[in-house]
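Here is how the chains run, residue by residue.
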Number of protein chains: 2
Amino acid sequence: EDRTLDSSSLDPYAKDPPRHPVLRVNSQKPFNAEPPTEILTDNFITPSAFFFKRNHLPVPQVDPSTYQLKIQGLPGGTVSLSLEDLKSRFPKYIVTATLQCAGNRRSEMNQVKQVKGLNWGIAAISNATWAGPRLRDVLLYAGYKSGGKAQHVHFEGLDKDVTGTSYGASIPLGKALSEEGDVILAYEMNGEDLPADHGFPVRVVVPGIVGARNVKWLDKIVLSEVESSSHWQQNDYKGFSPGTDWDTVDFKSAPAIQELPVQSAITWPAEGAVLDHSLGEVTVKGYAWSGGGREIVRVDVSLDGGKTWQVAKLQGREGEALDLSPPPGRAWAWKLWELSAPLPSGTQELEIICKAVDSSYNVQPDSMAPIWNLRGVLSNAWHRVKVKISEH
Amino acid sequence: EDRTLDSSSLDPYAKDPPRHPVLRVNSQKPFNAEPPTEILTDNFITPSAFFFKRNHLPVPQVDPSTYQLKIQGLPGGTVSLSLEDLKSRFPKYIVTATLQCAGNRRSEMNQVKQVKGLNWGIAAISNATWAGPRLRDVLLYAGYKSGGKAQHVHFEGLDKDVTGTSYGASIPLGKALSEEGDVILAYEMNGEDLPADHGFPVRVVVPGIVGARNVKWLDKIVLSEVESSSHWQQNDYKGFSPGTDWDTVDFKSAPAIQELPVQSAITWPAEGAVLDHSLGEVTVKGYAWSGGGREIVRVDVSLDGGKTWQVAKLQGREGEALDLSPPPGRAWAWKLWELSAPLPSGTQELEIICKAVDSSYNVQPDSMAPIWNLRGVLSNAWHRVKVKISEH
Ligand SMILES: [Mo]
Ligand SMILES: [Mo]
């Protein structure tokens, strides 16, 4: 038969799902987008449609009725589990966890010196409720016994490049097995089936760990003595010194990013906003989060470019008392924060800055240039926003 | 009987042990001292005589033959263990761990604005090998069962103030029970009985946690639903915003310091040193360490006040390959580091800076003023040393 090839059959991205038009798109193919800053912190739980999308490859089409998750590297050989198995054979855990792209706030690093990567603003971070079995329970079910040589858990996605290579990553086995690690094989996001862009039908959620290891459209789990050999584990998503360039970089010299450092940013007011002098005060809003389950314990805000600092009010989940802290090392969700303060007099411009402190009292560095790195990851210096004050 | 009171019977510090004369004394009573910077990093393991001393109270005189460690708060009531019990009933664990005073580098914070506390230099940090039973094993032996309400483990010392109040602190129970926490009841330091200044006959060593919780001359261990009520847990050893002063501080608003943030300092050359221009190069040495078992993965050194950076060579224990990293989250010991680089030409002064990165990619902040706090703790900004270059 003679058929006309339509463009969609040549375009591996032709079957990508529809997306919300309000998203700010950094790349169409693969699809990478973040919500507008102004709405990012409207809700403690980010609606799935607004949750930042970070795809490395085309979104795979997965039939949930034939889906099989393979678990390999265990003494008894490969174990396969259907979606129904994952839903029925294990307790369902619900974990509220913030995911952040390693490249969040890369655009600010680009202002120091051009880096390689998508030009993310401050919204490549979002918070959702995820549900599914614990990876720990699934590994034990599949026959995991302690005392073996495995040190890492690999995840392979169903998303593939033109050569047939899947997206892949790994995490330390200890995180996967820990009762306090809260790693789950999520089949729900915010109470519904995972959306296509977020890994339908199953993704791994590794709380406290960089987004890149939270592999979507999960195809295979492999226990191994060594880390994933994937490009993204070995030759990407690592931090380097500002003096290291593409001619001198040795990717073997740096560890793969797992836990992320303490982070915060101002979502309101926006850069360049004009504040009404007659209101007499300004309200500053933002988010703060740290990797490794380290809770945010304080956010400092400056209205004068860092000369003086005030302490913001932290907000947890709606209706939840803030003194109900999660157990130590299990603060997986961000904290939204707010500061209302009198508008300083005698100035027509404010430089607003925020910086957060986590439960290990780690802080954000003052400036971007000294943490600049060729890949533009780990961009967590103080966030600065300049605004004007209207005159009368 | 009529006896002449000699001064020693009135002075609770009269029976303090002799100390090495090279120590730099910040306070005689209680004794607080650090080794000279120039020798701090001569050895990966700090000789006990040079290990920084941080006493809050007089050194108690303890008879090891009658010593009894009490464990309370367990269902079966108080359990007492002699020193011999601790040595004979439990496996002996050896842990190499760095301890750091919360006030290390306070003198640099004092240069921003005066704080309250001992004026420590950069050497209130040292590294030793400690040996004794795991606290976990001792608690299980004493009858600990999971499922109870206890969330904290209190430690009380035999050192007391004039009112009879003991030094005390607590840590989260999870750290004490974790197989990966490596908390031990040490009766040996560097292969010998604990020295009097370091807690003879038994202290707790809580790797990755601020020195203040590593209680010496251990008298009592108490499991509790709440943190220690001691002054040092509740109203000291906490971090605050630079805007918080003694009139506004609310100690309840900040968590007790447990894990410390990433730290590093330059031990060679010394501030004000004159480098010989004809040598053509400079060697910079120092230490780096982070709390919570986070390994140091990189140290950056600048010779030009932070404009450009070079990567230092990290050194672990003598004769140990650096690629033999400890398991994730169990890097308890510091790393010494060194950088040899050509002396920049055309300048008679260098501002040398170091900054470290840990395995969560947390970094040190650029400057001290924005992390200044009224108690002068957590002083971990970049360390800066100015040196001169000799002319010919
Ligand atoms: Mo990412
Ligand atoms: Mo301390």
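Residues numbered from 1 in each chain as written. Chains lettered and ligands numbered in written order. Predicted model: local features only at pLDDT ≥ 70, side-chain atom pairs only at ≥ 80, totals over all residues. Heavy atoms only, no water.

*Asks:* What is the right way to read the sheet that holds strand β22 (residues 349-358) of chain B from this model?
*Replies:* Strand pairing within a sheet occurs via backbone hydrogen bonds; the two strands may be parallel or antiparallel. All names here are of chain B. Taken in spatial order, the five strands of this open sheet run β16-β23-β22-β18-β19, and their pairing is mixed. Edge positions in the sheet fall to β16 (274-275) and β19 (310-311), since each has one partner strand and no second. Of the strand pairs in this sheet, strand β18 (residues 296-302) and β19 are connected by two bridges, and their pairing is antiparallel. Note on β19: the bridge partner recorded for D300 is V311. (Pairing = 2+ DSSP bridges. Helix = DSSP H or I, 4+ residues; strand = E, 2+ residues; numbered from the N terminus.)

*Asks:* Can you walk me through the sheet that holds strand β2 (residues 32-34) of chain B in this structure?
*Replies:* All names here are of chain B. If you trace the three strands from one edge of the open sheet to the other, you get β1-β2-β3, paired in antiparallel fashion. Strand pairing shows two members of the sheet lacking a second neighbour, β1 (24-27) and β3 (53-54), which therefore form its edges. Across two bridges, β2 lies against β3 in antiparallel orientation. By the bridge assignment, N32 is partnered in β3 with R54.

*Asks:* I would appreciate a short explanation of the packing of aromatic side chains in the present structure.
*Replies:* In this description, a pair of aromatic rings is defined by centroid distance and the angle of the planes. Scanning the model with the defined rule gives 18 aromatic pairs over all chains in all. Taken together, a centroid distance of 5.1 Å and an interplanar angle of 85° make the contact between A:F240 and A:F251 edge-to-face. With A:F240 in the loop between α7 (231-234) and β15 (263-268) and A:F251 in the loop between α7 and β15, this residue pair connects regions lying 11 residues apart in the sequence. Aromatic pair B:F52 and B:W120: ring centres 6.3 Å apart, planes at 85°, arrangement edge-to-face. Pair noted here: B:F52 is in the loop between α2 (37-40) and β3 and B:W120 is in the loop between α4 (106-112) and β7 (125-132), with a separation of 68 residues, a long-range link. (Phe/Tyr/Trp six-rings, centres within 6.5 Å; stacked < 30°, edge-to-face > 60°.)

*Asks:* Would you explain the side chain of A:Q263 in this entry?
*Replies:* All names here are of chain A. Secondary-structure assignment places Q263 in strand β15. Given the relative accessible area of 2%, Q263 is considered buried. At 3.0 Å, the side chain of Q263 forms a polar contact with the side chain of Q100. (Buried < 20%, exposed > 50% of the residue type's maximum accessible area, 1.4 Å probe, protein only. Polar contact = N/O pair within 3.5 Å; in protein donor to acceptor, adjacent residues only side chain to side chain.)

*Asks:* Would you mind going over the interface of chain A and chain B with me for this structure?
*Replies:* When the parts of a complex come together, some accessible area is lost, and that lost area is often taken as the interface size. Counting residues at the interface gives 35 residues for chain A, matched by 35 residues for chain B. Both sides of the chain A and chain B interface together cover about 2,600 Å² of buried area, and 54% of this is carbon and sulfur. In this structure, the connection of chain A to chain B is made through 19 residue pairs in polar contact (both at pLDDT 80 or more). Tallying contributions element by element places strand β18 (residues 296-302) of chain A first for the side of chain A that touches chain B, with three residues. Here the residues of the side of chain A that touches chain B are counted per class, giving 20 nonpolar, eight polar and seven charged. (Contact = heavy atoms within 4.5 Å. Buried area = accessible area lost by both parts, 1.4 Å probe. Nonpolar A, V, L, I, M, F, W, Y, C, P; charged D, E, K, R; others polar.)

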